[in-house]
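# Observations on chain architecture
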Amino acid sequence: MQQDFDVVVLGAGPAGSAAAMTARRLGLGTALIDRATFPRDKLCGGGVTGRAARQLREIFGKEIDAGLFLTSRRVRFTAAGRLLGHVDPAPALHLTMRRTFDDTLQRAAVAAGAEPVLPTRVTAIDAAARELRLACGRRLRYGVLIGADGVNSQVARTLFGRAFNPETIAFALEVEAPATADDTVEIDLDAAPWGYGWAFPKPDSLTLGVGGIHRANPRLKANLAAYLDRHGAGAEAPGCKGQFLPAGDFRSRPGRASVLLAGDAAGLVDPMTGEGIGHAMLSGALAARAAARALGEGAADAALGHYRTALAPLHAELRMARTLQRVLFGPLTHDMMLRIVAARPSMGKTAFAINIAEHMAATNNEPVAVFSLEMSRQQLAQR
(Lines give C-alpha, C1' and ligand atoms only; values in the text may rest on other atoms or scores of the structure.)
Protein backbone atom coordinates (compact mmCIF):
# COMPACT_ATOMS: atom_id res chain seq x y z
CA MET A 1 0.00 0.00 0.00
CA GLN A 2 1.31 3.45 -0.92
CA GLN A 3 0.36 6.73 0.76
CA ASP A 4 1.38 10.28 -0.07
CA PHE A 5 2.20 12.91 2.57
CA ASP A 6 3.50 16.44 2.42
CA VAL A 7 5.90 15.67 5.26
CA VAL A 8 7.12 12.38 6.70
CA VAL A 9 8.90 12.58 10.05
CA LEU A 10 11.11 9.68 11.09
CA GLY A 11 11.53 9.62 14.86
CA ALA A 12 8.93 10.61 17.46
CA GLY A 13 11.16 12.10 20.16
CA PRO A 14 11.09 15.83 20.96
CA ALA A 15 12.51 16.85 17.56
CA GLY A 16 10.19 14.62 15.56
CA SER A 17 7.11 15.42 17.58
CA ALA A 18 7.84 19.15 17.32
CA ALA A 19 8.27 18.78 13.56
CA ALA A 20 5.02 16.85 13.21
CA MET A 21 3.13 19.25 15.48
CA THR A 22 4.36 22.29 13.56
CA ALA A 23 3.72 20.71 10.17
CA ARG A 24 0.13 19.96 11.12
CA ARG A 25 -0.41 23.50 12.38
CA LEU A 26 0.79 24.70 9.00
CA GLY A 27 -1.79 22.50 7.30
CA LEU A 28 0.57 19.84 5.96
CA GLY A 29 -0.37 16.18 5.65
CA THR A 30 2.06 14.53 8.05
CA ALA A 31 3.12 11.01 9.00
CA LEU A 32 5.06 10.37 12.22
CA ILE A 33 7.12 7.16 12.20
CA ASP A 34 9.00 5.46 15.03
CA ARG A 35 10.31 1.96 15.60
CA ALA A 36 9.30 2.04 19.28
CA THR A 37 6.01 1.73 21.09
CA PHE A 38 5.44 4.71 23.36
CA PRO A 39 6.07 5.21 26.18
CA ARG A 40 9.66 4.00 25.84
CA ASP A 41 12.82 4.57 27.84
CA LYS A 42 15.49 7.03 26.71
CA LEU A 43 18.88 7.79 28.22
CA CYS A 44 18.88 11.48 29.06
CA GLY A 45 19.43 13.66 32.07
CA GLY A 46 16.00 15.11 31.33
CA GLY A 47 16.89 18.72 32.03
CA VAL A 48 14.52 21.30 30.53
CA THR A 49 16.01 24.80 30.61
CA GLY A 50 14.12 28.05 30.41
CA ARG A 51 14.63 28.07 26.66
CA ALA A 52 13.31 24.52 26.31
CA ALA A 53 10.32 25.44 28.46
CA ARG A 54 9.59 28.26 26.05
CA GLN A 55 9.74 25.86 23.10
CA LEU A 56 7.41 23.50 24.94
CA ARG A 57 4.91 26.30 25.40
CA GLU A 58 5.19 27.81 21.91
CA ILE A 59 5.18 24.55 19.93
CA PHE A 60 2.97 22.31 22.04
CA GLY A 61 1.00 24.80 24.12
CA LYS A 62 2.14 23.06 27.32
CA GLU A 63 3.37 24.61 30.53
CA ILE A 64 5.70 23.21 33.17
CA ASP A 65 3.59 21.24 35.65
CA ALA A 66 4.44 19.35 38.82
CA GLY A 67 3.02 16.11 37.48
CA LEU A 68 5.72 15.88 34.80
CA PHE A 69 8.59 17.94 36.20
CA LEU A 70 10.57 18.57 39.35
CA THR A 71 11.76 22.18 39.29
CA SER A 72 15.07 22.93 40.99
CA ARG A 73 16.61 26.32 41.72
CA ARG A 74 19.72 24.98 43.44
CA VAL A 75 22.93 23.90 41.74
CA ARG A 76 25.98 22.31 43.36
CA PHE A 77 29.34 22.19 41.54
CA THR A 78 31.81 19.49 42.55
CA ALA A 79 35.07 18.00 41.27
CA ALA A 80 35.46 14.25 41.87
CA GLY A 81 33.29 14.68 44.96
CA ARG A 82 35.07 17.79 46.24
CA LEU A 83 32.65 20.68 46.72
CA LEU A 84 33.43 23.69 44.55
CA GLY A 85 30.41 25.80 45.41
CA HIS A 86 26.66 26.34 45.34
CA VAL A 87 24.40 28.60 43.31
CA ASP A 88 21.19 29.28 45.23
CA PRO A 89 18.93 30.54 43.88
CA ALA A 90 19.74 29.55 40.32
CA PRO A 91 17.51 30.02 37.28
CA ALA A 92 14.94 27.25 37.23
CA LEU A 93 15.87 23.90 35.73
CA HIS A 94 12.93 21.58 35.15
CA LEU A 95 13.73 17.86 35.40
CA THR A 96 11.68 15.10 33.83
CA MET A 97 11.77 11.46 32.80
CA ARG A 98 12.03 11.12 29.04
CA ARG A 99 9.78 8.08 29.04
CA THR A 100 6.83 10.20 30.11
CA PHE A 101 7.93 13.47 28.50
CA ASP A 102 8.40 12.03 25.01
CA ASP A 103 5.13 10.13 25.20
CA THR A 104 3.34 13.37 26.08
CA LEU A 105 4.82 15.15 23.06
CA GLN A 106 4.14 12.44 20.50
CA ARG A 107 0.56 12.14 21.74
CA ALA A 108 0.15 15.89 21.28
CA ALA A 109 1.43 15.63 17.69
CA VAL A 110 -0.97 12.79 16.93
CA ALA A 111 -3.84 14.73 18.51
CA ALA A 112 -2.97 17.61 16.16
CA GLY A 113 -3.55 15.30 13.21
CA ALA A 114 -0.21 13.64 12.48
CA GLU A 115 -0.75 10.05 11.37
CA PRO A 116 1.11 7.71 13.71
CA VAL A 117 3.02 4.92 12.03
CA LEU A 118 4.50 3.02 14.97
CA PRO A 119 5.98 0.76 15.93
CA THR A 120 7.50 0.00 12.59
CA ARG A 121 10.90 -0.30 10.97
CA VAL A 122 11.99 1.55 7.85
CA THR A 123 13.66 -0.93 5.51
CA ALA A 124 14.70 1.51 2.79
CA ILE A 125 14.87 5.24 2.11
CA ASP A 126 14.80 6.17 -1.57
CA ALA A 127 15.63 9.89 -1.67
CA ALA A 128 15.43 10.00 -5.46
CA ALA A 129 11.88 8.66 -5.48
CA ARG A 130 11.04 10.45 -2.19
CA GLU A 131 9.77 7.21 -0.74
CA LEU A 132 10.17 5.17 2.44
CA ARG A 133 9.58 1.44 2.50
CA LEU A 134 8.42 -0.05 5.78
CA ALA A 135 8.80 -3.55 7.20
CA CYS A 136 5.02 -3.88 7.28
CA GLY A 137 4.91 -3.53 3.50
CA ARG A 138 3.64 0.05 3.33
CA ARG A 139 5.29 2.68 1.16
CA LEU A 140 5.14 6.31 2.17
CA ARG A 141 5.88 9.03 -0.36
CA TYR A 142 6.84 12.47 0.88
CA GLY A 143 7.38 16.00 -0.30
CA VAL A 144 9.89 16.62 2.51
CA LEU A 145 11.44 14.02 4.82
CA ILE A 146 12.55 15.10 8.31
CA GLY A 147 15.01 12.74 9.96
CA ALA A 148 14.61 13.13 13.70
CA ASP A 149 15.78 9.61 14.43
CA GLY A 150 18.53 10.28 16.94
CA VAL A 151 22.29 10.03 17.08
CA ASN A 152 22.30 6.72 15.14
CA SER A 153 20.10 8.27 12.47
CA GLN A 154 19.16 6.00 9.58
CA VAL A 155 18.40 9.08 7.52
CA ALA A 156 21.90 10.50 8.13
CA ARG A 157 23.46 7.15 7.21
CA THR A 158 21.48 7.13 3.98
CA LEU A 159 22.63 10.64 3.07
CA PHE A 160 26.22 10.63 4.31
CA GLY A 161 27.27 7.03 4.85
CA ARG A 162 27.50 7.31 8.63
CA ALA A 163 25.42 8.82 11.39
CA PHE A 164 28.24 10.56 13.28
CA ASN A 165 31.99 11.10 13.43
CA PRO A 166 33.49 8.52 15.82
CA GLU A 167 36.40 10.88 16.55
CA THR A 168 34.18 13.55 18.06
CA ILE A 169 31.17 11.67 19.40
CA ALA A 170 30.50 11.58 23.15
CA PHE A 171 29.22 8.66 25.20
CA ALA A 172 27.22 8.63 28.43
CA LEU A 173 26.30 6.07 31.06
CA GLU A 174 23.35 6.59 33.38
CA VAL A 175 21.31 4.88 36.09
CA GLU A 176 18.13 5.68 37.98
CA ALA A 177 18.55 5.59 41.75
CA PRO A 178 15.92 6.02 44.48
CA ALA A 179 14.61 9.55 44.90
CA THR A 180 15.99 11.70 47.72
CA ALA A 181 14.63 14.69 49.61
CA ASP A 182 17.36 16.92 48.17
CA ASP A 183 16.24 18.77 45.03
CA THR A 184 19.71 20.17 44.28
CA VAL A 185 21.14 19.64 40.79
CA GLU A 186 24.75 18.49 40.94
CA ILE A 187 27.35 18.95 38.21
CA ASP A 188 30.69 17.20 38.84
CA LEU A 189 33.24 18.85 36.57
CA ASP A 190 35.90 16.19 37.20
CA ALA A 191 33.91 12.96 36.96
CA ALA A 192 35.24 12.03 33.50
CA PRO A 193 37.86 13.39 31.06
CA TRP A 194 36.41 15.89 28.60
CA GLY A 195 33.04 15.54 30.32
CA TYR A 196 31.24 15.65 33.63
CA GLY A 197 28.93 13.81 35.99
CA TRP A 198 25.40 14.72 36.94
CA ALA A 199 22.85 14.08 39.65
CA PHE A 200 19.42 15.21 38.53
CA PRO A 201 16.52 14.85 40.96
CA LYS A 202 13.25 13.73 39.38
CA PRO A 203 9.73 13.44 40.79
CA ASP A 204 10.23 9.72 41.53
CA SER A 205 13.96 9.03 41.16
CA LEU A 206 17.48 10.44 41.06
CA THR A 207 19.27 10.25 37.71
CA LEU A 208 23.01 9.68 38.09
CA GLY A 209 25.34 9.65 35.11
CA VAL A 210 28.72 10.43 33.64
CA GLY A 211 29.64 11.27 30.08
CA GLY A 212 32.38 12.68 27.91
CA ILE A 213 34.17 12.42 24.60
CA HIS A 214 34.14 8.70 23.80
CA ARG A 215 37.74 8.32 22.64
CA ALA A 216 38.98 10.05 25.82
CA ASN A 217 37.01 7.78 28.18
CA PRO A 218 38.10 4.14 28.00
CA ARG A 219 37.36 3.85 31.75
CA LEU A 220 33.89 5.39 31.71
CA LYS A 221 32.32 2.41 33.52
CA ALA A 222 34.83 2.78 36.36
CA ASN A 223 34.16 6.51 36.47
CA LEU A 224 30.44 5.84 36.75
CA ALA A 225 31.01 3.31 39.55
CA ALA A 226 33.06 5.87 41.48
CA TYR A 227 30.37 8.50 40.98
CA LEU A 228 27.65 6.15 42.16
CA ASP A 229 29.68 5.26 45.23
CA ARG A 230 29.97 8.94 46.11
CA HIS A 231 26.18 9.08 46.08
CA GLY A 232 25.77 5.86 48.03
CA ALA A 233 24.07 4.22 45.06
CA GLY A 234 26.68 1.70 43.96
CA ALA A 235 25.03 -1.41 45.32
CA GLU A 236 21.44 -0.34 44.81
CA ALA A 237 21.55 1.08 41.29
CA PRO A 238 19.49 -0.79 38.70
CA GLY A 239 20.65 -1.58 35.19
CA CYS A 240 22.92 0.91 33.51
CA LYS A 241 22.00 2.57 30.20
CA GLY A 242 24.56 3.75 27.67
CA GLN A 243 24.18 6.00 24.65
CA PHE A 244 26.28 7.89 22.13
CA LEU A 245 25.61 11.63 22.24
CA PRO A 246 26.59 14.43 19.86
CA ALA A 247 28.95 16.84 21.58
CA GLY A 248 28.55 20.01 19.60
CA ASP A 249 29.94 18.49 16.39
CA PHE A 250 26.83 19.44 14.47
CA ARG A 251 26.29 19.00 10.75
CA SER A 252 26.73 22.37 9.09
CA ARG A 253 24.77 20.90 6.19
CA PRO A 254 21.90 19.14 8.03
CA GLY A 255 20.39 17.27 5.12
CA ARG A 256 20.17 17.29 1.36
CA ALA A 257 17.56 19.02 -0.80
CA SER A 258 14.16 17.81 0.49
CA VAL A 259 15.63 15.68 3.31
CA LEU A 260 16.34 17.47 6.60
CA LEU A 261 17.94 16.34 9.87
CA ALA A 262 16.78 17.62 13.25
CA GLY A 263 17.75 17.18 16.89
CA ASP A 264 20.45 14.63 17.71
CA ALA A 265 20.43 13.43 14.11
CA ALA A 266 21.79 16.85 13.16
CA GLY A 267 24.24 16.90 16.09
CA LEU A 268 22.39 19.69 17.88
CA VAL A 269 23.57 19.10 21.44
CA ASP A 270 25.42 21.72 23.47
CA PRO A 271 28.96 20.42 24.17
CA MET A 272 29.14 22.28 27.48
CA THR A 273 25.83 21.49 29.09
CA GLY A 274 24.69 18.46 27.14
CA GLU A 275 21.42 20.30 26.52
CA GLY A 276 19.59 18.72 23.63
CA ILE A 277 15.86 18.82 24.36
CA GLY A 278 15.42 22.52 23.64
CA HIS A 279 17.57 22.33 20.52
CA ALA A 280 15.62 19.27 19.37
CA MET A 281 12.23 20.93 19.68
CA LEU A 282 13.45 24.15 18.05
CA SER A 283 15.11 22.37 15.13
CA GLY A 284 12.08 20.16 14.56
CA ALA A 285 9.83 23.20 14.35
CA LEU A 286 12.27 25.03 12.08
CA ALA A 287 12.50 22.00 9.79
CA ALA A 288 8.71 21.85 9.47
CA ARG A 289 8.52 25.56 8.69
CA ALA A 290 11.23 25.19 6.05
CA ALA A 291 9.29 22.28 4.55
CA ALA A 292 6.08 24.32 4.44
CA ARG A 293 7.83 27.22 2.74
CA ALA A 294 9.50 25.02 0.14
CA LEU A 295 6.35 23.07 -0.62
CA GLY A 296 4.37 26.30 -0.83
CA GLU A 297 6.84 27.54 -3.42
CA GLY A 298 6.49 24.29 -5.36
CA ALA A 299 10.20 23.63 -4.81
CA ALA A 300 10.64 20.88 -2.23
CA ASP A 301 14.38 20.71 -2.88
CA ALA A 302 14.72 24.27 -1.55
CA ALA A 303 13.83 23.05 1.94
CA LEU A 304 17.45 22.60 3.03
CA GLY A 305 18.39 26.15 2.08
CA HIS A 306 15.52 27.60 4.10
CA TYR A 307 16.37 25.32 7.03
CA ARG A 308 20.07 26.20 7.11
CA THR A 309 19.23 29.90 7.20
CA ALA A 310 16.87 29.35 10.12
CA LEU A 311 19.44 27.25 12.02
CA ALA A 312 22.30 29.74 11.59
CA PRO A 313 21.94 31.41 15.03
CA LEU A 314 21.92 28.04 16.80
CA HIS A 315 24.93 26.87 14.78
CA ALA A 316 26.81 30.03 15.78
CA GLU A 317 26.00 29.39 19.42
CA LEU A 318 27.25 25.82 19.23
CA ARG A 319 30.50 26.92 17.59
CA MET A 320 31.18 29.26 20.51
CA ALA A 321 30.18 26.57 23.00
CA ARG A 322 32.77 24.25 21.47
CA THR A 323 35.42 26.88 22.16
CA LEU A 324 34.26 27.20 25.75
CA GLN A 325 34.27 23.40 26.05
CA ARG A 326 37.99 23.37 25.20
CA VAL A 327 38.63 26.05 27.83
CA LEU A 328 36.76 24.24 30.62
CA PHE A 329 37.69 20.64 29.85
CA GLY A 330 40.97 20.89 27.94
CA PRO A 331 43.96 19.49 29.86
CA LEU A 332 45.92 22.74 29.74
CA THR A 333 43.21 24.86 31.37
CA HIS A 334 40.96 22.39 33.24
CA ASP A 335 42.56 22.71 36.69
CA MET A 336 42.61 26.49 36.42
CA MET A 337 38.92 26.53 35.50
CA LEU A 338 38.10 24.35 38.52
CA ARG A 339 39.85 26.90 40.75
CA ILE A 340 37.85 29.69 39.12
CA VAL A 341 34.56 27.90 39.70
CA ALA A 342 35.57 27.24 43.33
CA ALA A 343 36.37 30.93 43.80
CA ARG A 344 33.21 32.12 42.07
CA PRO A 345 30.50 29.42 41.78
CA SER A 346 28.34 31.78 39.73
CA MET A 347 30.97 31.38 37.02
CA GLY A 348 29.99 27.75 36.77
CA LYS A 349 26.37 28.76 36.38
CA THR A 350 27.33 31.07 33.54
CA ALA A 351 29.62 28.57 31.83
CA PHE A 352 26.92 25.91 31.89
CA ALA A 353 24.35 28.40 30.59
CA ILE A 354 21.72 27.34 33.10
CA ASN A 355 20.40 30.89 32.75
CA ILE A 356 20.21 30.54 28.97
CA ALA A 357 16.61 31.77 28.66
CA GLU A 358 17.38 35.07 30.33
CA HIS A 359 20.41 35.72 28.13
CA MET A 360 18.61 34.70 24.95
CA ALA A 361 15.83 37.14 25.76
CA ALA A 362 18.23 39.93 26.70
CA THR A 363 20.34 39.58 23.55
CA ASN A 364 17.48 39.13 21.06
CA ASN A 365 18.52 35.50 20.42
CA GLU A 366 22.21 36.28 19.94
CA PRO A 367 24.38 33.28 20.89
CA VAL A 368 24.55 32.97 24.67
CA ALA A 369 27.93 31.26 24.39
CA VAL A 370 29.50 34.60 23.40
CA PHE A 371 28.60 35.94 26.82
CA SER A 372 29.86 32.79 28.55
CA LEU A 373 33.16 32.85 26.67
CA GLU A 374 33.80 36.50 27.47
CA MET A 375 33.14 35.77 31.15
CA SER A 376 35.66 32.94 30.99
CA ARG A 377 38.28 35.19 29.40
CA GLN A 378 37.77 37.85 32.05
CA GLN A 379 38.09 35.33 34.85
CA LEU A 380 41.22 33.76 33.31
CA ALA A 381 42.81 37.19 32.99
CA GLN A 382 42.14 37.89 36.67
CA ARG A 383 43.91 34.69 37.69
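Keep in mind it's a predicted model, so treat the numbers as computed, not measured.

## Quick notes on the packing of helix H1 (residues 14-25) against helix H2 (residues 50-60)
Running from amino to carboxyl end, H1 crosses H2 at an angle of 35°, the nearest separation of the two axes being 10 Å. Together, Ser17, Ala18, Met21, Thr22 and Arg25 of H1 and Glu58, Ile59 and Phe60 of H2 make up the contact between the two elements. Looking at the contact of H1 with H2 residue by residue, the class counts come to four nonpolar, two polar and two charged.

## Remarks on the nonpolar core
By size, the foremost hydrophobic cluster in this structure holds 72 residues, and its most contacted members are Val8, Ile33, Phe60, Met281 and Tyr307. If near-sequence neighbours (up to four positions away) are discounted, Tyr307 is found in contact with Pro254, Leu260, Leu261, Ala262, Ser283, Leu286, Ala287 and Ala290. Residues Ala79, Val87, Ile187 and Met337 belong to the second largest nonpolar core, which totals 26 residues.

## Quick look at helix H5 (residues 220-230)
All buried positions along H5 are accounted for by Leu220, Asn223, Leu224, Tyr227 and Leu228. Down the axis of H5, the buried side of the element spans an arc of 135°, and every buried residue falls inside it. Those residues of H5 that are exposed and angled more than 90 degrees off the buried face are Lys221 and Asp229. In the core, the buried residues of H5 are packed alongside strand S12 (170-178), strand S13 (185-188), strand S14 (195-201) and strand S15 (205-213). Just downstream of H5, Gly232 is the residue with a positive phi angle, here 65°.

## As for the pattern of salt bridges
The tally for this structure, following the rule as stated, stands at 17 salt bridges. Where Asp41 meets Arg99, a salt bridge forms, and the shortest distance between an N and an O atom there is 3.5 Å. Of this pair, Asp41 sits in the loop between strand S2 (30-33) and strand S3 (47-48) while Arg99 is found in helix H3 (residues 98-111), placing the two residues 58 residues apart along the sequence. Accessibility expressed as a relative area gives 53% for Asp41, which makes it exposed. Among the salt bridges present, the one from Asp102 reaches Arg98, with a minimum N-O distance of 2.8 Å. Remark: Arg98 and Asp102 occur in helix H3; sequence separation between them is four residues, near one turn of the helix. Judged by its relative accessible area of 0%, Asp102 is buried.

## Some details on the packing of aromatic side chains
All told, the structure shown has four aromatic pairs when counted by the stated rule. Summarising the aromatic geometry, the rings of Phe69 and Phe101 are spaced 6.0 Å apart at their centres and angled 70° between planes, so their arrangement reads as edge-to-face. One end of the pair, Phe69, is in the loop between H2 and strand S4 (70-72); the other, Phe101, is in helix H3, with 32 residues separating them in the sequence. Residue Phe69 shares its accessibility class with Phe101, and that shared class is buried. Chaining the aromatic ring pairs together yields one cluster made of Phe164, Phe171 and Phe244.

## Some remarks on helix H8 (residues 334-343)
Among all positions of H8, only His334, Met337, Leu338, Ile340 and Val341 are buried. The arc enclosing the buried residues of H8, seen along the axis, measures out at 160°, which places them on a common side.

## A word on the sheet that holds S15
Pairing is mixed across the open sheet formed by seven strands, whose spatial order is S6-S5-S13-S14-S15-S12-S16. Of all the strands in the sheet, just strand S6 (82-87) and strand S16 (241-245) have a single pairing partner and so form its edges. Direction aside, the axes of adjacent strands within the sheet are offset by 20° on average. Two elements, S14 and S15, share seven bridges in a ladder whose sense is antiparallel. Residue pairing for S15: Phe200 is matched across the bridge by Thr207. Lying over the sheet, H5 contacts S12, S13, S14 and S15, oriented at roughly 145° with respect to S15.

## So, the sheet that holds S4
Pairing is antiparallel across the open sheet formed by three strands, whose spatial order is S3-S7-S4. The open sheet has two free edges, formed respectively by S3 and S4, since each of these has just one partner strand. In terms of strand pairing, S4 meets strand S7 (residues 93-95) through three bridges, oriented antiparallel. Across the sheet, residue Thr71 finds its bridge partner in S7, namely His94.

What counts and what doesn't
Sequence order sets the numbering: in each chain, residues are counted from 1 along the sequence as written. Predicted model: local features are reported for residues with pLDDT of at least 70 only, side-chain atom pairs are reported and counted for 80 or more only, and whole-chain, interface and lining totals are derived from all residues. Here the side-chain values reflect all heavy atoms present in the structure, with hydrogen atoms and water set aside. Lines fitted to the C-alpha atoms define the axes, with helices restricted to the stretch that makes contact. Angles between their N-to-C directions range from 0 to 180 degrees. Only DSSP runs of H or I covering at least 4 residues are called helices, and only runs of E covering at least 2 are called strands; the numbering of each starts at the N terminus. Two residues form a contact once any of their heavy atoms are found within 4.5 Å. Lys, Arg, Asp and Glu make up the charged group, whereas Ala, Val, Leu, Ile, Met, Phe, Trp, Tyr, Cys and Pro make up the nonpolar group; the residues left over, Gly among them, are polar. Definition of nonpolar core: a set of buried residues of the types Ala, Val, Leu, Ile, Met, Phe, Trp, Tyr and Cys, connected through side-chain atoms within 4.5 Å. Partly exposed residues are those whose accessible area sits between 20% and 50% of the maximum for their type, while under 20% is buried and over 50% is exposed, using a 1.4 Å probe and protein chains only. Note: the arc covers the axis-to-C-beta directions of the helix. A pair is scored as a salt bridge if a Lys or Arg side-chain nitrogen falls within 4 Å of a carboxyl oxygen belonging to Asp or Glu. Under the pairing criterion, centres of Phe, Tyr and Trp rings, with the six-membered ring standing for Trp, must be within 6.5 Å; the plane angle then separates stacked pairs below 30 degrees from edge-to-face pairs above 60, leaving the rest tilted. A pair of strands is treated as paired once DSSP finds two or more bridges between them.

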